[in-house]
Amino acid sequence: MAKLTVSDLELQGKKVLMRVDFNVPIKDGVIGNDNRIVAALPTIQYVIDHGGKAILLSHLGRIKKEEDKPALSMRPVAERLSNLLNKPVTFVPATEGAQLEDAINKMSDGDVLVMENTRYEDVKDGEQVKRESKNDPALGKYWASLGDVFVNDAFGTAHRSHASNAGIAANMPQTAAGFLMEKEIKFIGGAVSNPAHPFVAILGGAKVSDKIGVIDNLLDKADKVIIGGGMTYTFYAAKGMKIGNSLVETDKIDLAKEIMDKAGDKLVLPVDSIVAEKFDNDAPHKTVEGDIPDGYMALDIGPKSVAEFKDVLKSAKLVVWNGPMGVFEMSNYAEGTLEIGKFLGTLSDATTIVGGGDSTAAVQQLGVGEQLTHISTGGGASLEYLEGKTLPGIAAISDK
């Protein structure tokens, strides 16, 4: 990899600032899912095993007013991290000032400290100032002054230019990728820049508008692009097919036509759909081929589509999947997504990459995550990376 990584750094005795992505679901102080904390453990463990002092920064949720702060404190995250590392973790309820600086200066080699939610800096004295999320230069410079080296392991925020990633990096002589960031660059970046063939992309989700850049970029690189989810029916409409009450972006129909003209036989659309009269898990539903009848809406791909998609996928050497095949959160319309997830787990000769969001939720629900090559930790970041965009958080990492 052309970027500097944490294993390239001399860490002994160093104050190691680490941007991690601990933006976990939390309610009433209870963490609902700690996957993002677990994902950062290898880098944290490496730093402390090599004598570094790990100073962790992360955002948690969005802070729009002072009243948002108590429910979005990093304290429960620090406590969970302590349990996972099986060692004490110091939590500092501050993002700047003497309390934070003193706590850092008292750290011994191998210690771990979590500072307060970086987004606390977005509201000051009751005003929304967005110092963190608008990358205030003074804040980035201040945070950089707290450490000797900077490790960015937060791919989930790599598409944002924030004070806690690009801002710190701009004030450090060197910035290195953590192991999680290194994997994202290797697998998602590699899929975009140097894909193995046959390369099959699976793109789902509700809207063509959300995936235009990805579709356009991957059509130039992939051998096949499979389309599923709600955006299917904008393509159906572009083909002149009936779509009933299915989701459609009428202002994107001409764009869908352009994509189909460009793609030719590279684009693979569903041939059947699970339809219902209402957007309701308990509504009567049936399978139809081709046109969607009046009064019905399509909510998942049908069994023939699943079989056709599997046929396309079976010879792939690289698969990138981003977005569900149907209304995955409703059990009666989750089958298409789950079937694709299960099948990817059987492709032992292929590199299989899942690009965040509902696709990640599907493979976790199925328990096939360990059979896949890489599950991305970033939703928006994955999408923008797959579009071929330069991500500020990655651009700020030093070249080797």
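It should be noted that the structure appears before, not after, this text.
Numbers given to residues run from 1 along each chain, matching the order in which its sequence is written. A pLDDT threshold of at least 70 governs which residues receive local features in this predicted model, and a stricter bar of 80 or more applies before side-chain atom pairs are shown or counted, although totals over entire chains, interfaces and linings include all residues. With hydrogens and water excluded, all non-hydrogen atoms of the structure serve as input to the side-chain values.

What is the right way to look at the pattern of salt bridges in this model?
One side chain can pair with another of opposite charge once the charged atoms of both are near each other. One speaks of a salt bridge when a side-chain nitrogen belonging to Lys or Arg is within 4 Å of a carboxyl oxygen belonging to Asp or Glu. Overall, the coordinates contain 21 salt bridges when judged by the stated rule. A salt bridge links Glu289 to Lys304; the nearest nitrogen and oxygen atoms lie 2.7 Å apart. Of this pair, Glu289 sits in strand β15 (residues 285-289) while Lys304 sits in helix α10 (residues 303-313), and the two are 15 residues apart along the sequence. You can call Glu289 exposed: its relative accessible area is 53%. We classify Lys304 as partly exposed; its relative accessible area is 47%. Ionic pairing is found between Lys310 and Glu339, a salt bridge with its closest N-O pair at 2.9 Å. Of the two residues, Lys310 sits in helix α10 while Glu339 sits in helix α11 (residues 335-344), which places them 29 residues apart along the sequence. Partly exposed residues are those whose accessible area sits between 20% and 50% of the maximum for their type, while under 20% is buried and over 50% is exposed, using a 1.4 Å probe and protein chains only. With a relative accessible area of 16%, Glu339 lands in the buried category. Salt bridges sharing partners connect three or more residues here, namely Glu96, Glu121, Lys124, Arg131 and Asp136. Going along the chain from the N terminus, every DSSP run of H or I of four or more residues is numbered as a helix, and every run of E of two or more is numbered as a strand.

What am I meant to see in helix α1 (residues 35-49) here?
Given 3.6 residues to a turn, an α-helix orients residues that are three or four positions apart in the same direction. Expected span, for any helix, means 1.5 Å times one less than how many residues it has. Given a rise of 1.5 Å per residue, 15 residues ought to cover 21 Å, and the 22 Å separating the end C-alpha atoms of α1 matches this to within 8%. By the burial criterion, the buried members of α1 are Ile37, Ala40, Leu41, Thr43, Ile44, Tyr46, Val47 and Ile48.

When you look at the sheet that holds strand β4 (residues 53-57) in this model, what are you seeing that I'm missing?
Sheet strands associate in pairs through backbone hydrogen bonding, adopting either a parallel or an antiparallel arrangement. Strands sit in the order β5-β6-β4-β1-β9-β10 across an open sheet of 6 strands; the sheet is parallel. The two strands at the open ends of the sheet, each matched to only one other strand, are β5 (90-92) and β10 (175-177). Across the sheet, the mean angle from the axis of one strand to that of its neighbour is 25 degrees, orientation sign disregarded. Note on pairing: two strands pair once DSSP finds at least 2 bridges between them. As judged from the 4 bridges shared by strand β1 (residues 15-19) and strand β9 (residues 149-152), these two strands associate in the parallel manner. Paired with Leu17 across the strands is Phe150, a residue of β9. In this analysis, two residues are considered to be in contact whenever any of their non-hydrogen atoms come within 4.5 Å of each other. To get an axis, fit a line to the C-alpha atoms, keeping to the stretch in contact for a helix; angles then go from 0 to 180 degrees between the N-to-C directions. In the packing of α1 onto the sheet, the strands contacted are β1, β4, β6 (112-115) and β9, and the crossing angle to β1 comes to about 175 degrees.

Where do I start with the sheet that holds strand β16 (residues 297-301) in this structure?
Read from one edge of the open sheet, 3 strands run β15-β14-β16, paired in antiparallel fashion. Each end of this open sheet is capped by a strand with a single partner; those strands are β15 and β16. Geometrically, the sheet is characterised by an average inter-axis angle of 40 degrees between neighbouring strands, direction not taken into account. The pairing of strand β14 (residues 272-276) with β15 spans 5 bridges and is classified as antiparallel. Directly across from Val275, in β15, lies its bridge partner Lys286.

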